[in-house]
Amino acid sequence: MTSRLNRLAVAFLATALATLGVTVANPAPASAAMTICYNTSQAGSYASVANQAASIWNNATVNLTLSANCGSNLRIYRITGGGSYAVRTSLGNGRVYIDTQQAAQYSVLRIMTHEIGHILGLPDNYNGNCALLMSGGSAGTSCTNPYPSTAEASRVSNLFAGTFSATDRSADIFRDSWPSALTPVS
């Protein structure tokens, strides 16, 4: 009975919002959660950092669970040189590359959580504000905050609930959020 009432409430809300000209993309029941399986087999010493970052996202969001080594929606790689970056192939799917040289300068947990944020649908925000995870390296090497802001976490939750439409293209590459070792941070 409760399930039927929930479906009716969602249908009523979608109809009411459509009448007002508001579009809701793929409304999902509140109990629906998407699992993103991440693979750390190529992450080397950063596998435990990936697990910490997944825990941060799991605690900050709803409608989403990141789970280790149950598949390969998200593959995490350890690289040397070239900068840390993410390649999102679709919402919740892609690859994260963590550069050991940048990880020696910046908080590796902040880098990992930030790059996973791209896979979860968040763009860069280079405003230098350490309180915003997606400000990346623009917040400087002293910023170690690995937590998404309430607004960032809410955006991800809404993307995975289907209440926001993602502006994903077939593939997005997010580079240059972490200044290289040769680029001074002002």
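About the cut-offs
- Throughout, residues of each chain are indexed from 1 in the direction in which the sequence is written.
- Totals for whole chains, interfaces and linings use every residue, but because this is a predicted model, local features are given only for residues with pLDDT of at least 70 and side-chain atom pairs only at 80 or more, for both listing and counting.
- To get the side-chain values, all heavy atoms of the structure are used, and hydrogens and water are removed first.
- Numbering goes from the N terminus for both helices and strands, where a helix is a DSSP run of H or I of at least four residues and a strand is a run of E of at least two.
- For a helix, the expected span equals 1.5 Å multiplied by the residue count minus one.
- Relative accessibility under 20% of the residue-type maximum defines a buried residue, over 50% an exposed one, and the middle range a partly exposed one, all with a 1.4 Å probe and only protein chains included.
- Every residue pair with non-hydrogen atoms within 4.5 Å of one another is taken to be in contact.
- A residue's pLDDT is the confidence the predictor assigns to it, expressed on a 0 to 100 scale.
- When DSSP finds at least two bridges between two strands, those strands are taken to pair.
- Orientation is described by axes fitted as lines to C-alpha atoms, over the contacting stretch for helices, and by angles from 0 to 180 degrees between their N-to-C directions.
- Here is the rule for angles: anything less than 35 degrees is roughly parallel, anything more than 145 is roughly antiparallel, 65 through 115 is roughly perpendicular, and the remaining ranges are oblique.
- By convention the crossing between two helices is left-handed if the near helix lies anticlockwise of the far one by an angle smaller than a right angle, and right-handed if it lies clockwise.
- As a working rule, the residues Ala, Val, Leu, Ile, Met, Phe, Trp, Tyr, Cys and Pro are called nonpolar, Asp, Glu, Lys and Arg charged, and the rest polar, with Gly in that last group.

Caption draft 1: The arrangement of helix α2 (residues 47-60) in detail. With 14 residues, α2 should reach 20 Å at 1.5 Å per residue; the first-to-last C-alpha distance of 20 Å fits that figure. Among all positions in α2, only A47, V49, A50, A53, A54, I56 and W57 are buried. In this structure, the buried side of α2 is in contact with β1 (34-42), β2 (64-68), β3 (74-79), α4 (108-119) and α5 (150-161).

Caption draft 2: Structural context of the confidence of the model for the chain. The pLDDT averaged across the chain works out to 80; a share of 70% of its residues lies at or above 70. Across residues 1-31, where pLDDT falls below 50, the model places 14 contacts with residues more than four positions away in sequence or in other chains. Across residues 180-186, confidence stays below pLDDT 50; counting only partners more than four residues off in sequence or on other chains, it has seven contacts.

Caption draft 3: Broad picture of α4. Under the 1.5 Å per step criterion, the end-to-end length of α4 is 17 Å for 12 residues, consistent within 8% with the ideal 16 Å. Burial runs high along α4: 12 of the 12 residues are buried. Along α4, the residues classified as buried are V108, L109, R110, I111, M112, T113, H114, E115, I116, G117, H118 and I119. Where α4 ends, the next residue or the one after it, G121, has phi of about 110°, a positive value.

Caption draft 4: Quick peek at the pairing of strand β5 (residues 93-99). In terms of burial, β5 is largely enclosed, as five of its seven residues are buried. Here strand β4 (residues 85-90) pairs with β5 via five bridges, running antiparallel. Within the sheet, the bridge partner assigned to S90 lies in β5 and is N93. Linkage of β4 to β5, two consecutive antiparallel strands, is achieved through a turn of two residues, within which G92 is found at a positive phi near 85°.

Caption draft 5: Seen up close, the packing of α2 against α4. Interaxial distance between α2 and α4 falls to 9 Å at its minimum, and their mutual angle equals 55°. It follows from the interaxial angle that α2 and α4 lie oblique. α2 and α4 meet at a crossing whose hand is right-handed. Counting all contacts with α2, which are made through V49, A50, Q52, A53, I56 and W57, the residues of α4 involved are V108, L109, M112, T113, I116 and G117. Grouping the constituent residues of the contact of α2 with α4 by class yields nine nonpolar, three polar and no charged.

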